[in-house]
Every structure is written in structure tokens, then in C-alpha cells.
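# Structure assessment
If you want the building blocks of each chain, they are given just below.
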Amino acid sequence: MKSYSISYILFPILLVAFLVESAGAAEGEKDGVYIVYMGAATGSSKNGHAQLLSSVLKRRKNALVQSYEHGISGFAARLSAAEAQSIAKKPGVVSVFPDPVYQLHTTRSWDFLKYGTDIVIDSRPHSDSNSSSAEYVAIIGILDTGISPESESFSGKDLGPIPSRWNGTCGDAHDFCNGKIIGARSYNSPDDDDEGLDNAPRDTIGHGTHVASTAAGTMVTDASYYGLATGNAKGGSPGSRIAMYRVCTRYGCQGSSILAAFSDAIKDGVDILSLSLGSPASYMFDYKEDPIAIGAFHAVENGITVVCSGGNDGPSEETVTNVAPWILTVAATTIDRKFESNVVLQGKKVVKGEAINFADIGTSPIHPLIYGKSAKKTDATESEARNCNPDSMDGEMIKGKIVLCDNDDNSNTIHDKEDEVRSLGGIGLVLVDDKTSGVASNYNEFPLTVISSKDAPAILSYLNSTKNPVATILPSTVVSQYKPAPTVAYFSSRGPSSLSRNILKPDIAAPGVDILAAWMANDTEVTLKGKESPKFNIISGTSMSCPHVSGMAAVIKSQYPSWSPSAIKSAIMSTASQINNMKAPITAESGAIATAYDYGAGEISTSEALQPGLVYETTTIDYLNFLCCHGYNTSTIEVISKNVPDGFACPKESSVDMISNINYPSIAVFSLTGKQSKSITRTLTNIAGDGNSTYSLTIEATSGLTITVSPTSLQFTKNNQKLSYQVTFTPTVPTLLKDVFGSIIWTNKKIKVRTPFVASSR
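Here the structure is a predicted model, which means the values were calculated and not measured.

### Looking at the overall build of the protein
Helices and strands together make up the secondary structure of the protein, namely 17 helices and 37 strands. The C-alpha radius of gyration computed for the protein amounts to 26 Å, which stays within 12% of the reference 27 Å derived for 762 residues, consistent with globular compactness. C-alpha extents for the protein along the principal axes are approximately 85 × 65 × 55 Å. Here the protein holds 762 residues, and the buried ones make up 61% of them. Here the protein displays about 27900 Å² of accessible surface, and carbon together with sulfur accounts for 49% of that area. Put simply, the protein has 63 plus and 75 minus side-chain charges, and the middle of one group is 4 Å from the middle of the other.

What follows is the structure in C-alpha cells.
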């Protein structure tokens, strides 16, 4: 059976759905489902929502689709554009917007995080066993495509009792709950009534199962994908419990379902929420019209850490999504494992390739080899033929041959080229592509491999040197301890944020390339001919990096139950690594040294994050001031948040540049022109547990900028003490020709607290 990575299957479907919904939102003329957002829940009920709805809607029944009552107040309903506009004018309504459809962010990881770079091995029981030594058991809520409870990764064996604070349910899916999975809810989109999916949290796509097992899967020995990547598979927090909220179907992830899941998760009592989904970079909405940002805000208000994937629209700048400051936004990196599928030419010359395939055309170079350009149809362009685009090559010349194809015109996907070569009778494909370097896609039995442009001349030279060129493509083998690793994945979305550039995004990076994790049963798309359906699968995306961070957040929460979401975020960010397994700076896929736009604070650590020493507590006032600076007025903010203190008012001169001053674990300063200085304040809280401690200062920065910090040492005398410092950025040139990256480091010799920054004249 031919296999496609789910990114190739789902992305076109979900993007089309998203574009259709977004077009309606932009034009404001679409009749359909609208979300009515009414801020924080303050005793509102489903009846109250129905009454508000009936005040403008007289003509039909069953208009109410969802009602949000826990943490969030609002509802989703079928409305005309005029009715939506009428409701938007009602008191207490923050926003009304068309129900969007989001996309999944997918195209030996935990062991690599422990051993692969400069990270100290953490041997605490919670890292390597299925039970936590801490009394507090974290609960991870996952909004995704559902879960396959029969997977070994979700065994409830040897786990203790379900936390008594848990208020969730498995609904009608009682067989889903087993002590490991303790909650399973399902949400149909308004158009899914004929699918029979009510109360069916079962995963029919595979994505949710993969994500859940990455975050909190039980240890499974001898796991592999048909013998590839064999080893122990476990989640980041094996002792944590899982609550699945199925908000996605094959048609996408409906915004109204996402908000309903957030509302239920707040009531259920989860500690961490993990979302490996989001909008395309080109269709991001304002925070008050984004169900993920809205739901995350209220979850954080209720003490829940929200972790989201940053998107797969890289490597272009300003593509990162899920950028609200109350969200922990995750980029994707590689690990030290590579899947090689090499090309062998006559004379046993080997050209290295990368892919997952189980090719069976022999190890000897006996198959005719042709360049796509050489098979050009008369009515096709040379570019079309060398890129093996549909209807560009002569089938008689392709039949029975391995075809060399370029991939530099961006007009067709790799799988489009594969389909074309296969349909013409080609028996293999060698693709020249630098963009996908480091990411091995799965082609099942078809002999397809990807080589770099620097290796392509060897094949082209050989083609030109003989009348009868021959080759073969070898099946995939695993290269372990590959160097350098990690590198930032080419697809990982980059900063700065297009919505709020004065909040540095992404926040953190984690493994998201070629990740082995549990998979749903009986998936014919990834099953080899004559084989049983695999229990594990290998896929890539920021969808895969997100649950790595969710799992680590759960480990921290289990160790320190009283820590706030911002303390957990700060601990993860301030202890991140910027060094690869060659003791050199982490690089991007291009080989250039990575910046904070690529990986935020760096690669997540699995040990130092448990002992951060100092943390940045981002308070309610910080978030309220952020909303002020983003353009919201005080009266709107009073509706949005349940924690607005008496007498709060937006600063009279709120501006986006003031966002830099919220107490965030990173710093972003823009509009630095001339030699005008800008000063930023940060406050650190001592949580090291050792009372007296003095931290000294180190500044890392490139040229073009003078940075002064006052004071230059922080002397803490007790636990939970807060001390502030001020950073002043002064350009040494009239205009910074490029953005300047660096870090402010506080250390007491045992602990290093790093704060990344970016300064820009943009």
C-alpha cells in the first residue's frame, strides 16, 4: 500500500477549508456558524446564551451549536451575517466571528534530549519509569484527532489511582478509560452530523495517538516501524495521565470545537494542555477572534499551562503561529538519527540519500537511469521536465527506469512527482532537494530517495559519461549518533511574530523530525504489503515537537505542583541549550547559526528545567497591559478577564512598543533608530530553595549595539524574593542593518539563567 505522510494528505484539505472559512470572515457576508465570545465565565449559562441568541434570532430552531460555560463565556450558533452583526452590538459581547477551521501541524527523541548535547543526564524516577515519585500526578489534556486506547503506549498497568481532583469523563466511551487515559471527549463540527462520530474519541487519523504517546506514553520496549528506529518508546512524562479531547476530523479542527474542549478541560481539572494545530501563517487572526488564543488565555487564568506548536510554514520569517504571550510556542529540531537511502551507480559509487523506503530492487546498479529533462515532451518546458511535473515527460522514455528529478520550481509536491513517475512506469525516483534536508519522508515500498544539490553533480556527470547509465536505490538504514544535531527543521515556522513582534516567538524548540511514536491500528496507508499494521509510525512536524514540551511541563508540574504556568514556561526557556552534539552552536537547516527567530530560547533541557533557580513570573497585570498595548480598551479587558483588579486602567499612552516591558522570559525591542536608547525592566523570583544566593551578570551580543544592565549583580536573601533589573539598548549606528541577537545571563556558579533578546530598527 502506498503511503503518504499525513501532512501531505491533510494539509491541502485543511487549507482549503480554512481559506473558505477565512474568506467569509474577511468579507463579513457569510451565513454559517459564528462564535460569540463573551469573555470570562461569570455565572453565565446555556440558558442565558439561548436567551441572547433568541433576542436576535426568531426564525429557526436548533441554531445553538456549542455553549461555553467553564472559564470561558460564549457560544457558537448558526447565524446570518446580519444576525452576527446584531449580536456583536449587545452588551457583554467581546467579539463575533465566523467559526474557523485549523490545520494539524505535522508533516528516539527523549533519549537524545537526555544524552545528545550538553545536557546532564537526569536519572529521577519520573523520567525512566511509568510511575512518578512525586505525590502529585500531572494530567495532560490533548486537543487533537482522538486516541487509540489499545496501544501499548497507553497501558494503565502499575499506575496508581486516578487523581482525586479529576472531574473529567469518558462519556459513552467507557472502554477508553484505563487509568492511563482518564478522559476522552469528542466534539463534532456543525457539519459532521452524518459521520456518526458523536462521543467517539477514537483516532481515525493517527495524529492524536502519536502526539499523546510522545507526551505521556508508557514505556514500550522493542518499538519500531517495521524494524526501523528500533528501541524503547516512551513519553516525556510516563507517569502522567492523559485526557483526550477529539476536536479534529479529516476535515480539520473546528474553532467552535476547540473552544468547547478548552471549556471542558478547565472544568475537568487538567494541568497541561497540548495543541499540535493552528492556523496557516498567512491567515492569522487577532487574539479576540482566535479560538486557540481565547481558550488558552482562560486556561492560563485557571492555572493550566498551554503548549502549542508554532507551525510548519518555515523557513520564511514571520510565519510562526500561536503567538499569544500566555502560550508556550514550540519550534521543531532534528535528533541524532538519520534514515539513509543511498543511490548506487555503476562502479559501486555511492551517493547518499535520505528517505524512509523499503525498496526491493536489489543492491546492484542494473536499472536504467534517466534525467527527467532528457525525457521532455515536445510541448513541455525544460524546467517542467527536469522537475518531473505532471504531463511533462515521455512515458516511453521513463518506463522501467529510475528517474532523476529536480525540486526547485515549487509547483508540485514530492508526491505529485512520485505519482507522475509511477504512472509512466518508472521504477524509482532520485529527487534533488535541499529544502527538505534532515527530514525523511515515508514512501513505503517505492524506491524514492532525496539527495542534496551538492551531490547531484556526481549523478549528472555520470549520466553524461555513458550511453547506458544504470543505478539502484537501496532500502533505508538507520544512522545513529548523527552529527550535527540538533538542527532547526526547515519546515519549522520562524519569528518574529506578525501579530506582536515585541514578544519574541517561538519560545522554545524540541525534537520534531522523524519521531517514532504510537499509531492507530489498521491504517492501510502506512502498512506494507503482506505485513500487519504497524503499532508505531515515524512522522515530522511541530506537531511532534509540541508534545515533547508538554511532557516536560508535566514533569515540572509533578515535581512542583504550586508553580504557575508562567513559572513553568520560564523554567523551560531559561535553561534551554544553544549547543549541538559537536559542542558548537545549533544551526538552521541551511548551516547558518540559528537565532532566536529559529528556536526561541534554544533546545529544551530535560534536567536543568527542574532546577531553574530563578523564574520570570508573568502576572495577570502583565497580560492585561499586553492587551492594552495591543489596542484593547479597559472596558473590553474587564469583560475578557476574571482577574482584573479594582481600579485597573490601561495606561494613557499605551503602544505596541510598551509590550516589551511585560515580564516575559525573553526580550524583543523594535523601532531602535538613531542613537535613541530604550530601557526594559525584568523581575526575577528566587525559587532555588537555598535562600541566600548572589547572581552575577554576563552579556552576550553582536556588534551594532551597546547594552547596559543595572544592577550588575542580584543578591537574594530569601526564597520567593523578587529582584528587578533594567536593560538599556543603545544603537551604535544610525540604523541596525540587521536584527541583533544576544542574551543576558545570570549565574551563581551552580545555576545559569539565560534570557535571549533581539533588538531591531524595523
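### Points about the state of the cysteines
Across all of its chains, the model carries four disulfides by this definition. One disulfide bridge connects C248 with C253, the sulfur atoms lying 2.0 Å from each other. Judged by the sign of its S-S torsion, about 105°, the cystine formed by C248 and C253 is right-handed. Note on accessibility: C248 and C253 belong to one class, buried. Each disulfide pairs two cysteine sulfurs, and for C628 the partner residue is C650, the sulfurs being separated by 2.0 Å. Taking the sign of the S-S torsion, about -80° here, the bridge from C628 to C650 comes out left-handed. With C628 in helix 16 (residues 620-629) and C650 in the loop between helix 17 (634-640) and strand 30 (667-669), this pair connects stretches of sequence that are 22 residues apart.

### Let's talk about the sheet that holds strand 3 (residues 72-79)
As summarised here, the arrangement of the four strands in space is 2-3-1-4, forming an open sheet in which the pairing is antiparallel. Whereas interior strands pair on both sides, the edge strands pair on one side only; in this sheet they are strand 2 (64-68) and strand 4 (95-98). Taken over all neighbouring pairs, the strand axes of this sheet differ in orientation by 15° on average, direction set aside. Pairing of strand 2 with strand 3, which is carried by four bridges, proceeds in the antiparallel orientation.

### Brief notes about the UniProt feature "active site" (unreviewed entry) in the protein
Under the UniProt annotation, "active site" (unreviewed entry) lies at D144, H207 and S543. A stretch of 400 residues holds the annotated residues, and the largest C-alpha distance among them is 9.9 Å, short enough that they meet in one place. Within the secondary structure, D144 is located in strand 6 (residues 139-144). In this structure D144 comes out as buried when scored by relative accessible area, which is 0%. If sequence neighbours within four positions are ignored, D144 has contacts with L104, H207, G208, V211, M244, Y245, R246, V247, C248 and S276. In terms of polar contacts, D144 uses its side chain to reach the side chain of T145, at 3.5 Å. Summarising the element assignment, H207 is placed in helix 6 (residues 207-216). With relative accessibility at 0%, the residue H207 sits in the buried group. One polar contact links H207 to D144, side chain to side chain, over a distance of 2.6 Å.

### Looking at the pairing of strand 16 (residues 328-333)
Buried residues dominate strand 16, accounting for six of its six residues. The alternating pattern of strand 16 places L328, V330 and A332 on one face and T329, A331 and T333 on the opposite face, and all of these are buried. The pairing of strand 15 (residues 305-309) with strand 16 spans three bridges and is classified as parallel. Across the sheet, V307 pairs through a bridge with L328, a residue of strand 16. Both strand 16 and strand 26 (residues 508-511) contribute to a ladder of four bridges, which runs parallel. Bridged to T333 within strand 26 is P511.

### Re the confidence of the model for the protein
Predicted coordinates in regions of low pLDDT should not be interpreted in detail. Per-chain confidence: the protein averages 89 in pLDDT, with 90% of residues scoring 70 or above. Note that pLDDT drops below 50 for residues 1-28; the model gives that stretch 75 contacts with residues more than four away or on any other chain. Scored below 50 in pLDDT, residues 194-198 shows seven contacts in the model against residues more than four places distant or in partner chains.

### Brief notes about the layout of surface pockets
Computed from the structure, the second largest pocket encloses a volume of approximately 660 Å³. Every residue lining the second largest pocket is counted, 27 residues in all, and those nearest its centre are K338, E354, S437, G438 and Y482. Residue composition of the lining of the second largest pocket, grouped by class: seven nonpolar, 10 polar and 10 charged.

### A short note on the pattern of salt bridges
Applying the stated criterion to the full structure yields 21 salt bridges. Here R185 makes a salt bridge to D264, at a shortest N to O gap of 3.8 Å. Note that R185 is positioned in strand 7 (residues 181-186) and D264 in helix 7 (residues 255-268), a separation of 79 residues in sequence. Its relative accessible area of 16% is what places R185 among the buried residues. The shortest N-O distance in the salt bridge between K288 and D286 comes to 3.5 Å.

### Observations concerning the nonpolar core
In this structure, I258, F262, L273, L275, L277, W326 and I572 are the most contacted members of the largest nonpolar core, which totals 123 residues. Ranked by the residues each element gives to this core, the list is headed by helix 13 (residues 542-559), at eight residues. What L273 contacts, discounting residues up to four positions off in sequence, is G141, L143, F262, A265, A299, I304, T305, V306 and V307. One finds L672, I680, V740 and A759 within the second-largest nonpolar core, a separate group that totals 24 residues.

### A word on helix 14 (residues 565-574)
Most of helix 14 sits out of view: 10 of its 10 residues are buried. Turning to helix 14, its buried residues are P565, S566, A567, I568, K569, S570, A571, I572, M573 and S574.

### Focus on unusual backbone geometry
Peptide bonds are trans in most cases, and residues, glycine excluded, mostly fall at negative phi. The omega torsion of the bond from K483 to P484 falls at 0°, within 30 degrees of zero and hence cis. Summarising the element assignment, P484 is placed in the loop between strand 25 (477-480) and strand 26. A cis amide bond, omega 0°, links K505 with the succeeding residue P506. When you line up the elements, P506 lands in the loop between strand 25 and strand 26. The phi dihedral of N444 is positive, around 50°, even though this residue is not glycine.

Procedures and definitions
- Per chain, residue numbering runs from 1 following the sequence as it is written.
- Restriction of local features to residues with pLDDT of at least 70 applies here, the model being predicted, together with a cutoff of 80 or more for giving and counting side-chain atom pairs; totals for whole chains, interfaces and linings are based on all residues.
- The basis for every side-chain value is the complete set of non-hydrogen atoms in the structure, without hydrogens or water.
- Each helix is a run of DSSP H or I of at least 4 residues and each strand a run of E of at least 2, with the numbering of both proceeding from the N terminus.
- Based on C-alpha atoms, the radius of gyration is set beside the globule rule, defined as 2.2 Å times the residue count to the power 0.38.
- Buried residues are those whose accessible area, probed at 1.4 Å on protein chains only, stays under 20% of the maximum for their type, while exposed residues exceed 50% and partly exposed ones sit between those limits.
- Accessible areas in this description were obtained via Shrake-Rupley with a 1.4 Å probe; residue shielding takes into account the shown protein chains only.
- Counted as positive: Lys and Arg. Counted as negative: Asp and Glu. His and the chain ends are not counted at all.
- Positions of charges follow a simple convention, taking NZ of Lys, CZ of Arg, CG of Asp or CD of Glu.
- Throughout, a disulfide means two cysteine sulfur atoms within 2.5 Å of one another.
- Should DSSP find at least two bridges between two strands, the strands are regarded as paired.
- Think of each axis as a best-fit line through the C-alpha atoms, taken over the contacting stretch in the case of a helix, with angles from 0 to 180 degrees between the N-to-C directions.
- UniProt positions are given in the numbering used here, feature names are shortened, and annotations may be inferred rather than shown by experiment.
- The contact criterion used is simple: two residues touch if any of their non-hydrogen atoms lie within 4.5 Å.
- The definition of a polar contact used here is a pair of N or O atoms within 3.5 Å, where within protein one atom must be able to donate a hydrogen and the other to accept one, and adjacent residues in sequence count solely through side-chain atom pairs.
- What pLDDT reports is the predictor's confidence in each residue, on a scale of 0 through 100.
- Detection works on a 1 Å grid of protein atoms alone, calling trapped sets that fit a 1.4 Å probe cavities and calling open sets with protein on both sides within 12 Å along at least five of seven lines pockets, with lining residues defined by an atom within 4 Å of a point.
- Grid points are joined across faces, edges and corners, and a volume is the space filled by probe spheres set on the points.
- Classes in brief: Ala, Val, Leu, Ile, Met, Phe, Trp, Tyr, Cys and Pro nonpolar; Asp, Glu, Lys and Arg charged; the others, Gly included, polar.
- One side-chain nitrogen of Lys or Arg within 4 Å of one carboxyl oxygen of Asp or Glu is enough to make a salt bridge.
- Side-chain atoms within 4.5 Å link the members of a nonpolar core, which is a set of buried Ala, Val, Leu, Ile, Met, Phe, Trp, Tyr and Cys residues.

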